[in-house]
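# Overview (structure and organization)
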Amino acid sequence: MADSPRCGARTRKGTACQSPAVAGRRRCRMHGGTNPGAPIGNQNAFKHGRYSAETIAVRKMLRAMRQQLRESGL
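The following refers to the structure shown.

Rules behind the numbers
- Residues numbered from 1 in each chain as written.
- Predicted model: local features only at pLDDT ≥ 70, side-chain atom pairs only at ≥ 80, totals over all residues.
- Heavy atoms only, no water.
- Helix = DSSP H or I, 4+ residues; strand = E, 2+ residues; numbered from the N terminus.
- Rg over C-alpha atoms; globule rule 2.2 N^0.38 Å.
- Buried < 20%, exposed > 50% of the residue type's maximum accessible area, 1.4 Å probe, protein only.
- Contact = heavy atoms within 4.5 Å.
- Areas by Shrake-Rupley, 256 points an atom, 1.4 Å probe, with all protein chains shown as cover.
- Patch = residues over 30% accessible without salt bridge, like charges linked within 9 Å, V, L, I, M, F, W, Y side chains within 5 Å.
- Salt bridge = Lys/Arg side-chain N within 4 Å of Asp/Glu carboxyl O.
- Lys, Arg positive; Asp, Glu negative; His and termini not counted.
- Charge placed at Lys NZ, Arg CZ, Asp CG, Glu CD.
- Disulfide = S-S within 2.5 Å.

## Quick notes on the overall build of the protein
Within the protein one finds one helix and zero strands. Computed over the C-alpha atoms, the radius of gyration of the protein is 28 Å, more than 25% above the 11 Å expected from 2.2 N^0.38 for a compact globule of 74 residues. With respect to the three principal axes, the spread of C-alpha positions in the protein is 85 × 30 × 15 Å. The buried share of the protein, reckoned over its 74 residues, is 8%. The contacts of the protein with a sequence gap of at least 6 include a subset with a gap of at least 24, amounting to 2%. Surface accessibility of the protein: about 7,000 Å² in total, with carbon and sulfur atoms responsible for 55%.

And the structure:
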């Protein structure tokens, strides 16, 4: 146990963490050694389309039409 690799994190005090690292990781259980990290792949890349060029153009056109109707008094 004394020869096991130590956690590489810093404590709030600024000193190195003295806990042993989780097997196969560089951090102890308190500093994220048990967390596998972010999922593989970018699942947040799917967009809803609200800010696509086409949708922005449609909103701009509708806004202009609404303004024209207000100015014409209809």
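## Looking at a nonpolar patch on the surface
A contiguous nonpolar surface patch, about 360 Å² in accessible area, is contributed by V58, M61, L62 and M65. By secondary structure assignment, the location of M61 is in helix α1 (residues 53-72). For M61, a relative accessible area of 47% corresponds to the partly exposed category.

## Considerations on a positive patch on the surface
There is a patch of like positive charges on the surface, built from K60, R63, R66 and R70. With respect to the helices, strands and loops of the structure, R63 is situated in helix α1.

## A few points about the state of the cysteines
Across all of its chains, the model carries zero disulfides by this definition. Its sulfur unpaired, C7 is 3.8 Å from the next cysteine sulfur, which belongs to C28. Take C17: it sits in no disulfide, and the sulfur closest to it among the cysteines is that of C28, at 3.8 Å. Judged by relative accessible area, which is 7%, C17 ranks as buried.

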